[in-house]
Every structure is written in structure tokens, then in C-alpha cells.
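This is what each chain is made of:
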Amino acid sequence: MTDEIRVRIAPSPSGNLHIGTARTALFNYLFAKKEGGKFILRIEDTDAERTKQEYIDNIFDSLKALGLNWDEGPDVGGEYGPYTQSERFDIYPKYAQILLDKGYAYECWCTNEELEQEKEEAVKNHKAYVYSRKCLNITPEQREQYIKEGRKPSIRFKVEHKELIFNDMVKGELKFDTSLIGDFVIMKSNGTPTYNFAVVIDDMLMKISHIIRGEDHISNTPKQILIYEALGAKVPEFGHLGMILAPDRSKLSKRHGATAVSDFVKEGYLTDALINFVALLGWAPSDSVEIKTVDEIAKDFRIKEISSSNSIFEYDKLNWMNGQYIKKMDISKLTDMIIPFLSDYDLSELSREKLEKMVEITREPLTTLKDIQKDVPYFFGEDVPLDEVKELLTTELSKNVLNKFMELAQKWDFTNEQELHDDLQKLRDDFKANFGYKPKETMWAIRAAVTGRTRGADMVGILTILGKDKVLRRIKNAMNLQVGV
RNA sequence: GCCCCCAUCGUCUAGAGGCCUAGGACAACACCCUUUCACGGUGUAGACAGCGAUUCGAAUUCGCUUGGGGGUACCA
């Protein structure tokens, strides 16, 4: 038999792809990449109530956007399909029957009420709840009786009492006393498998060799190992990752803001930055260069070096990282990505060339793509509101500067950036030499008149994008303000 | 209640007995650069949860305590 490395991510489509699931997917992907293995996607849609097609689509799209492409999955197929659990319902009873036949499992006819009672008893006695095995040795007569009553049995796995030890890839040796586990249900009375049973059967049949998942699954692991053993199957290697927590140290949930990858995208985060950031939660590069592509990370990835503790999801570093990616991104690509965030403006006012220019000169302070919205209103429309800069514009200084600008700019070429830059430079220098105006004061007057603001993008860039006519008109408007005072 | 996991600056982490007067990144603060905001640059401040034990020597090993997280289902 081959000992091919095969890992999987098995999200359940009861919501959009969670950032935590994305991180688990990433670590699986990295492991597969590093070890030359296969990365498999399986959809665990056993819970028909909560499953929605839109969630399935969202999971596919998000994973793809993050660059985590799978080798086998529901859409691309593969040798060990189907890769959607709901299409595998006929498989599980067969294996349950094998367990039944071998004596590793038995029927349980207990009602919910009976089970509830046992549980209450356990808490009262300060003991761990363990199923009583009431139905383990049931008489044929009793069984007949239950059937007559119309009861349907569930199937329980008979847990062998022993010390179970396994070596976790990230946490090291983990020990469990299986006598504390209790015989758990593997097939519900309605004929569908429970999670713990379905995963084992699927992972076994799909020949998954390494299971990397969140540590919320640690307590499932001994149960699953027991099933593998009972079936005489090879037990895979397990690795349990710490969880991602919200800043208040509780589980990351909707009340903390974005949780799904698609939420972050809507907020203006780049998937490249997101996946890079999430990789740094629990893993550190050996060369301390933190900005890296997934492929670069894969080369440097060693699963044993993943931190085994939980980590808190703080936006500060994500924001910084997103900004880094925005600064480095190709302008044309960035422009395409930014356009959806500019729906408040009439983009037809600007040529593609000018739009890209606008993006180029406004990208620097951005942390998210969405931030650009508030930075660009003055690139659109004829006039610009001057309320905020009224005081600044009515000073003696501004009056002088604007007058001079008006006079000189008539002759300037607004399509030549270099020339325009030099012209402005000269203007600043002259005012400094003749009137003692600080360069920034000179520029403030112009900026205020043209944009209605005291801060913003590079002035030369703004002037080129707006063009001479619009600029002069806005300057004139600002000067009218002065006359009125 | 019971079982399990975790514990280095505010946050993410480096650290696998002496290299640690504990390193880096983000955030904070200061200064520099500058046509503004920003970017960038240079600095400052900031941590081994506590207590015992092992050892010549402990952030690193062991135990306890405390704190945080997870599980405890015929959910996944």
C-alpha cells in the first residue's frame, strides 16, 4: 500500500467560511504542499436543517480566493468520492453492521427520558456521565417488546476500557482514560450516522493520513481512534491547533464583527493579506520576514513548530499587513479591486488612466480598500464644499497665494506632471523668499481651495487629474469667498 | 461537577538548561524626513502568571496553585 500523504478540510455548510476554518484549511494545505501530499475538500452536510447551497458556494469561493486549491473535492471529483457527505448515506450503515457483527457495537433502545435521568444522576454524584450499558445485554424478549412498542434503536459503540495514548503532531503525547468516555452513539435511531462515526468512515475510505484540525476536536479523537481500531483500519496521525479567540478571549463570533472570510473581503481586506495574517497566528517564519505568500510559507512550514496555544484575533496587525499589500499591489489590479468600493461616485467622470492615477496617489494611507471612500470625494463633481476651510481661505496669505496661483496657472501645462511640480515648487520658493510664507502654508491655501480639505493626496497628482479648467474654477470659487468677507 | 488543552511585552511570537542584562513584528510614544495626512527612517517604553522542586546553573525540566480555553449530545 502507498503511504501517500493525504489531508482534508471538512467544513459543514451551515454558514459562510469562518476565518478559523480558513486557518485550519491553510495549515492542512501548507502541510500537503510541504510534504508533497494531496489536499482534499469534503463537505459535511449531514445536518440538512442547517445546510444551504449559498453556504456551499461561499465555502468554495472563499477557499479559492485565499488560494487554497484542493486536489479532490465535490466539484473536481477524485478517486475516493463522493466528497459530499449527504451523498454517502448508504455507506455508513454497512460499517455499523460490521461493528455490530463483530461485537464492537450494540443496539440501544433507551428513550431520551431514560438517558436524561442517567445524566442527572451523574451530576448529582459529581461523576462524569457514562452511559449505563443498560441495553448491552438485552434479552430477545425484551427486544421484541421494544419493537412492538414502536421504538427504534440507535447503535452504540462499545468502548473498551483502557488507557489510550496517541502522539499529537502539535501537542505531543495525549492520554485518555476511556472508561470515562461511555458507549457513544454511532448511528442515530433515524438511521443517520453521528459526526464521530461519519468522519472516521469517510477519512478511512478517503485514505486520509493526517488529520489537522482545531483543538475543539481533541476529545473526539479517542472515540475516533477506537473506531479505527475496531475496524482494523490504520489510524491516521492527528494534529490539534489552538483556537482563534476574540479580543475578549471568548469564541470569535458575529458579535465581534467579521467572522467569515467573505465578511472581511466586504470590509476591504485583501485575501492575500488575510491568509498571510492568519498564518502568523501560531506559526512564525524562520527568517522573521513576515510578509509572505502562501507558497513561500509552505517551503518554510514545519507542523511541529506550530504553537499549541490559543491566539487572539486583533485587527492592528491585520490592518498594517493589509496596508502593506495595498501599497505593493499592481496599480491596475488594485484599481479593479477598489472600483466596487467607489459606488458613491460617478466613475465615468474620470478616464481609466486618471482613475488609476487617483488610486496611485491615494493608496498610501489606506488600511482597507473601503477607506478610500472618504479620501476621494474631491476628485468628482464640479465644485467642492468649502465650509471646513473657510477660515483658512480668507486669510491674507491665502488671498495672496490664490491670486498669484490664478495668474500663473493660466500658463501652466496641467498634463505635464514634472513641469507642474517645478512650477509649484517655484511658487512656494518665491512666497518664502518674498513674504516668508512657509512652504506648507502656501500649499495649504491651494489644497483648501481645490479640495475643500487641508489634507489629502499629492497636490501635483490632484491637479493633473482634475485638469486646468476644473482647478481654476474651484480656485475662483474660493476667491469669491474672500470678496464676501 | 467531571475530562482535556494552554500559559514569554497590550497583541502575534523567537526561545528546545548556560549564547537571555529575553530577540522580532504590530500597536503606543518621541524625534527625523516632508506640500498636508500618510509612508518611510531612528529611538523609547513594555513580558518569562505565582509558589515549590531538580540542577553548579531554569523562560526552558517536574509538581502544585491560579488564570484562560475546549469538551462533556441520537450537533458538527
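Residues numbered from 1 in each chain as written. Chains lettered and ligands numbered in written order. Predicted model: local features only at pLDDT ≥ 70, side-chain atom pairs only at ≥ 80, totals over all residues. Heavy atoms only, no water.

Peer 1: Can you break down the pattern of salt bridges residue by residue, with the values?
Peer 2: Following the criterion strictly, the structure yields 29 salt bridges and no others. For glutamate 349, the salt bridge is made with lysine 470, and the minimal N-O distance between the two is 3.9 Å. In this pair, glutamate 349 sits in the loop between α12 (331–338) and α13 (352–362) while lysine 470 sits in helix α18 (residues 459–484), placing the two residues 121 residues apart along the sequence. Taken together, the shared-partner salt bridges connect Arg8, Arg42, Glu44, Arg88, Asp202 and Asp203 into one network. (Salt bridge = Lys/Arg side-chain N within 4 Å of Asp/Glu carboxyl O. Helix = DSSP H or I, 4+ residues; strand = E, 2+ residues; numbered from the N terminus.)

Peer 1: Residues and numbers for the confidence of the model for chain A, please.
Peer 2: For chain A, per-residue confidence averages 93 on the pLDDT scale, and residues scoring 70 or more make up 99% of the total. Interface confidence for the predicted complex, given as ipTM, is 0.94, next to a pTM of 0.93. (pLDDT = per-residue confidence, 0-100.)

Peer 1: Describe the protein's contact with RNA strand B, naming the residues involved and giving the relevant values.
Peer 2: The local shell around RNA strand B holds 63 residues, among which Lys188, Leu280, Glu290, Gly456 and Asp458 are the closest. The contact in question runs from a sugar or linking oxygen of RNA strand B to an N or O atom on the side chain of glutamate 290, over 2.6 Å. Among the elements of the structure, α4 (112–124), β4 (154–157), β6 (172–177), β11 (311–312), α11 (315–328), α17 (439–451) and α18 are those that each provide at least two residues to the surface near RNA strand B. For the surface near RNA strand B, the class distribution of residues is 23 nonpolar, 17 polar and 23 charged. (Near = heavy atom within 4 Å. Polar contact = N/O pair within 3.5 Å; in protein donor to acceptor, adjacent residues only side chain to side chain. Nonpolar A, V, L, I, M, F, W, Y, C, P; charged D, E, K, R; others polar.)

Peer 1: Got a sec to walk through α12? Specific residues and values, please.
Peer 2: Here α12 has its buried residues at Ile331, Leu334, Thr335 and Ile338. An end-on view of α12 places all buried positions within 105° of arc, on one side of the element. Where α12 begins, the side chain of aspartate 330 points an oxygen toward the backbone nitrogen of serine 332, at a separation of 3.2 Å. (Buried < 20%, exposed > 50% of the residue type's maximum accessible area, 1.4 Å probe, protein only. Arc of directions from axis to C-beta.)

Peer 1: Which residues make up the packing of helix α16 (residues 417–435) against α17, and what are the values?
Peer 2: At a closest axis distance of 9 Å, the pairing of α16 and α17 adopts a crossing angle of 120°. The angle between α16 and α17 falls in the class oblique. Handedness of the crossing formed by α16 with α17: right-handed. Packed against α16, whose contacting residues are Leu424, Leu427, Arg428, Phe431 and Lys432, the element α17 presents Pro439, Thr442, Met443 and Ile446 at the interface. (Axes fitted to C-alpha atoms, helices over the stretch in contact; angles between N-to-C directions. Parallel < 35°, antiparallel > 145°, perpendicular 65-115°, else oblique. Left-handed = near helix turned anticlockwise from the far one by under 90°. Contact = heavy atoms within 4.5 Å.)

Peer 1: I'd love a proper account of unusual backbone geometry, names of residues and values included.
Peer 2: That bond from glycine 81 to proline 82 is cis: its omega, -5°, falls within 30 degrees of zero. The residue lysine 207 is not glycine, and still its phi comes out positive at about 55°. Examined against the element boundaries, lysine 207 turns out to sit in the loop between α6 (195–205) and β8 (210–214).

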